[in-house]
Amino acid sequence: MRSTIPVRNKEDLSLAYTPGVARVCTAIADRPELAYEYTWTSKVVAVVTDGTAVLGLGDIGPAASMPVMEGKSLLFKEFADVDSVPIALSCTGVDEIVDTVIRMAPSFGGINLEDISAPRCFEIEERLRDALDIPVFHDDQHGTAIVALAALTNAARFVGKPLSELRAVVAGAGASGIAVSQILIEAGIGDIALSDSKGLIYEGRDGLNPIKERIAAITNRTGLKGSTEEALNGADVFIGLSGSTVHESCVATMSDNAIVFALSNPTPEVHPDVARRHAKVVATGRSDFPNQINNVLAFPGIFRGALDVRAHSITEGMKLAAANALADIVGDDLTADYVIPGPFDDRVAPAVTAAVAAQARKEGVNRV
């Protein structure tokens, strides 16, 4: 929080507060859209959590989640000059969270949902997107998905296989696993087999919740059943988002020039050094190995682009545009250990910002 004008004397105070501020209030009352010009509304994002799925710590509650939300706000500011306010809610019911966010939304230009457990997070985001005319974005879902798609686009290019011919196995059907699968399908991947703790997800499997029923309808077109390990036999891509362990013998059954994204933190599903014995490209979620799939490559620029054009939503097209912009940064420097730029590459946020803003205008979801 910082002042944008000096308050040095009585005249300055009268202009910044009463009576001067009343003129702005009256103008906004007559023309509500002026709030975007004369208040912080169009410039500030709410970072909202209920503390139920914090990093790898799980349900630690709102108070204990605040350091992560403060960190998120720091990253917004440092990487894309986006101001934000961390907000930890003392409620976990879907209706309570949705109603609370709707009521505070007039104070913000966008809503970043964070660390809310699945499957509630899907309904919360969907309902808020329907109810609000500002961007709503669950970063645990879409940030991971966008960066994973960018990295996989370049990995596929490196191994000489078009995305449309890849068969992928995604372990983990939580927020990020579902979102990664959805964006890969949007991007045109050949096929995906998604698994949860009970094995592969397929149409007609007993016990699927509505979210998994929807993903079952658009994935696993060959109808694979059984375990993650069984599905890896002959697969081109493995994406781990489950916290489970995949044995080396299973990775060894994948196709030639396989791609392994072992993204669980702090312990990947398979150690990168082990994966490299059988895969041509390996990525993790850790900063101490090459090809880190890090959400900070996506969310700051996405919100910067959306705010700059006062977008009323973040569309699937805007997410794909962000992923393509990220992938393009690598360009001709592509290697097995460089399929995605690093978080301190100063080309990242401007490229993502420009791509998101341009796509928003193309789709007509912008206000300016």
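Small disclaimer: the values here were computed from a predicted structure and weren't measured. (Residues numbered from 1 in each chain as written. Predicted model: local features only at pLDDT ≥ 70, side-chain atom pairs only at ≥ 80, totals over all residues. Heavy atoms only, no water.)

(A) Region of interest: helix α5 (residues 94–104). Among the residues of α5, V94, I97, V98, V101 and M104 are the ones counted as buried. Projected down its long axis, α5 carries its buried residues within an arc of 140°, all on one side. Packing partners of the buried residues in α5 comprise β1 (44–49), β2 (83–88), β3 (110–113) and α6 (120–131). (Buried < 20%, exposed > 50% of the residue type's maximum accessible area, 1.4 Å probe, protein only. Helix = DSSP H or I, 4+ residues; strand = E, 2+ residues; numbered from the N terminus. Arc of directions from axis to C-beta. Contact = heavy atoms within 4.5 Å.)

(B) Highlighting the sheet that holds β1. Read across the open sheet, the 4 strands follow the order β2-β1-β3-β4; overall the sheet is parallel. Looking at which strands have only one partner, the edges of the open sheet turn out to be β2 and β4 (136–138). For this sheet the average axis-to-axis angle between neighbouring strands, irrespective of direction, equals 20°. Of the pairings in the sheet, the one linking β1 to β3 comprises 4 bridges and is parallel in character. From the neighbouring strand, V45 faces β3, where its bridge partner is G110. Relative to the sheet, α6 contacts β3 and β4, its axis offset from that of β4 by approximately 165°. (Pairing = 2+ DSSP bridges. Axes fitted to C-alpha atoms, helices over the stretch in contact; angles between N-to-C directions.)

(C) Representation of the side chain of D115 within the structure. Turning to its location among the elements, D115 is positioned in the loop between β3 and α6. Among residues more than four places away in sequence, those in contact with D115 are T49, D50, G51, T52, A53, V54, L55, V68, M69, H138 and D140.

(D) Highlighting the sheet that holds strand β6 (residues 191–196). Pairing within the open sheet is mixed, and its 6 strands lie in the order β7-β6-β5-β8-β9-β10. Each edge of the open sheet is held by one strand with a lone partner, namely β7 (199–200) and β10 (279–284). Examined bridge by bridge, strand β9 (residues 258–262) and β10 share 5 bridges and lie parallel to one another. Pairing of F261 across the sheet is with A283, part of β10. Across the sheet, helix α7 (residues 139–159) is in contact with β8 (237–240), β9 and β10; its angle to β9 comes to roughly 155°.

(E) Region of interest: the packing of aromatic side chains. Per the counting criterion, the structure on display carries 5 aromatic pairs. For the pair F79 and F344, a centre-to-centre distance of 5.8 Å together with 45° between the ring planes defines the contact as tilted. Here the residue F79 occupies a position in helix α4 (residues 61–80), and F344 occupies one in the loop between α14 (316–330) and α15 (348–363), the gap between them amounting to 265 residues. Each ring, one from F137 and one from F303, has its centre 5.8 Å from the other, and the planes form 85°; the classification is edge-to-face. You can see F137 sitting in strand β4 and its partner F303 sitting in helix α13 (residues 299–308), a full 166 residues away along the chain. Pairwise contacts between aromatic rings join F76, F137, F299 and F303 into one cluster. (Phe/Tyr/Trp six-rings, centres within 6.5 Å; stacked < 30°, edge-to-face > 60°.)

(F) Geometry of the environment of V147. Position of V147 relative to the elements: it lies in helix α7. When the C-alpha atoms of V147 and L34 are compared, they prove to be 35 Å apart, with 113 residues separating the residues in sequence. Sequence-distant contacts of V147, defined by excluding residues within four places in its chain, comprise I293, N294, N295, L297, A298, L326 and I340.

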